[in-house]
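Chain by chain, the residues run as shown.
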Amino acid sequence: MFDLDKWKEIWATLRSNPLRTFLTAFGVFWGIVMLMAMLAFGSAIQTGSQRQMKGIATNMMFMWGMQTTMAYDGMPVGRWVQFDSTDIELLRRLPGVQDLAPRNQLGGWMNGFSVVRGAKSASFTVMGDYPALARIVAFEYDPGGRFLNDRDVKESRKVAVIGQAVKEQLFEENESPVGQFIKISGVYFQVIGVTHTFRTGQQGERDANTIFIPFTTLNRAFNIGDRVGFFAMTATPNTDGPELERQVREALMKHHKIDPKDDLALGSFNMFVMFGKINMVFFVLQLLSWTVGGATLLAGVVGVSNIMLITVKERTKEIGVRKALGATPLSIVSMVMKESVVLTAIAGLIGVAAGVGLLAIADAALSAMPDSPMGPPNISLTTVLIAVAVLVISGAIAGIMPASHAASIKPIEALRAE
């Protein structure tokens, strides 16, 4: 039953030494704030990283040719590996490849190309692509627009899909680019779509400033021949990243007469491996957050236990009188543990409130920075409830030793204590 007198007694005990009560409570308060801050910080990093990878397949891989470092089968050292159209069918036959997108860039890698529309002109990235790219890197489109299709590639149509930044620089604000024409190096292309990328940061900016035209059109219109700059591909559901990379490397090395031990002849970026490493980093970060935050919280709880031992020692005579008047050991234990739980719970709940306020301030600050690599610093309600439950249990555990000591005091010895 609820006993108001006991609660008044607990409050009077805590109030009797305000400085000690405050410092003890502050240890628990700081522990819960640190725990919430570290968990939220880890969540913000994870959300930001996932936002950076949004719109791109996690089972994706890029492969490009580099310079050989070993002589092989009559071929010299230092030979540049150049992919061509025969590699397309070669890779399509591999069992581990699901989507294959050969790619070429007009003017070479990381170089922009002048694009004109009426009196306006600007430099953009011009890529020759296959429709499969849209299944590897996802986009949204302006109403009435689309990405490249198989007929565009087969018939080498002079059509283009432009990024949002291209639209903003070459067209008027309320003008729809779909159906309009742009000129790339003297060749006119009809705009059939405007992309909106899911990616952010440098990759998102690159997507927004890119013009996609059919792979075959780029090669024929700009005299690139049958060359392929690099390949983007995804793995089949039953193939992991390392296996896909092994299959592709083996096929291309054999086709281009590259020493199987020459690992530098082909460059690659495997999203499978990168995604696994990122997930491991997130796991370690979360584990570290719980460890550091939990240790800080534990230090506060230990402080509560130590203070309760001091309180029991100071109240030795009082406890002796209680026991002499018939108080049971259970009632003594209950009294001490209630004080411990109340002190821990109040400090912890204030810490939770402060933590929520701190996260709200951090969220507002990050929201004002749209290019921030971090996402919103949130933690789930379940995590907060778990933290509160841990606090209450910790408070009870912190009171066990002092309560046991209080219950073991003999009335006669207690009354003799100074």
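Everything here concerns the structure above.
A. Main features of the side chain of Arg79. The topology assignment puts Arg79 in the loop between strand E1 (60–65) and strand E2 (83–84). It is Asp262 that comes nearest to the buried, bridge-free Arg79 among opposite-charge side chains, at 7.0 Å. Looking at Arg79, its side chain comes within polar contact range of the main-chain oxygen of Lys257, at 2.8 Å. For Arg79, the residues in contact, after removing those within four places along its chain, are Met66, Gln67, Thr68, His256, Lys257 and Ile258.

B. Just helix H7 (residues 201–208), in detail. When H7 is considered as a whole, its buried residues turn out to be Gly204, Asp207 and Ala208. Burial along H7 is one-sided: seen end-on, the buried residues are contained in an arc of 100°. Among the exposed residues of H7, those oriented more than 90 degrees off its buried face are Gln202 and Glu205. Tucked inside the fold, the buried residues of H7 contact strand E6 (139–141), strand E7 (159–163), helix H6 (164–170), strand E9 (187–197) and strand E10 (210–214).

C. Representation of the packing of aromatic side chains in the model. Applying the stated rule across the entire model yields 10 aromatic pairs. Between Phe83 and Phe231 the ring centres are 5.4 Å apart and the planes differ by 45°, which places this aromatic pair in the tilted class. With a gap of 148 residues between them, Phe83 in strand E2 and Phe231 in strand E12 (residues 230–235) connect regions that are remote in the sequence. The buried category is assigned to Phe83, whose relative accessible area is 1%. On the accessibility criterion, Phe231 (0% relative accessible area) is buried.

D. A look at the pattern of salt bridges. Applying the stated criterion across every chain yields a total of 13 salt bridges. Salt-bridge contacts for Lys120 lead to Glu172; the nearest nitrogen and oxygen are separated by 3.2 Å. Placement of the pair is Lys120 in strand E5 (residues 120–129) and Glu172 in the loop between H6 and strand E8 (181–184), with a sequence separation of 52 residues. The partner of Arg151 in a salt bridge is Glu155, and the shortest N-O contact between them spans 3.1 Å. Residue class for Arg151 comes out exposed when judged on its relative accessible area of 51%. Overall, the relative accessible area of 42% leaves Glu155 in the partly exposed class. What you see here is one network of salt bridges that share partners, running through Arg146, Arg151, Asp152, Glu155 and Arg157.

Criteria and thresholds
Residues numbered from 1 in each chain as written. Predicted model: local features only at pLDDT ≥ 70, side-chain atom pairs only at ≥ 80, totals over all residues. Heavy atoms only, no water. Helix = DSSP H or I, 4+ residues; strand = E, 2+ residues; numbered from the N terminus. Buried < 20%, exposed > 50% of the residue type's maximum accessible area, 1.4 Å probe, protein only. Lys, Arg positive; Asp, Glu negative; His and termini not counted. Salt bridge = Lys/Arg side-chain N within 4 Å of Asp/Glu carboxyl O. Polar contact = N/O pair within 3.5 Å; in protein donor to acceptor, adjacent residues only side chain to side chain. Contact = heavy atoms within 4.5 Å. Arc of directions from axis to C-beta. Phe/Tyr/Trp six-rings, centres within 6.5 Å; stacked < 30°, edge-to-face > 60°.

Worth remembering: the numbers are spatial, not functional.
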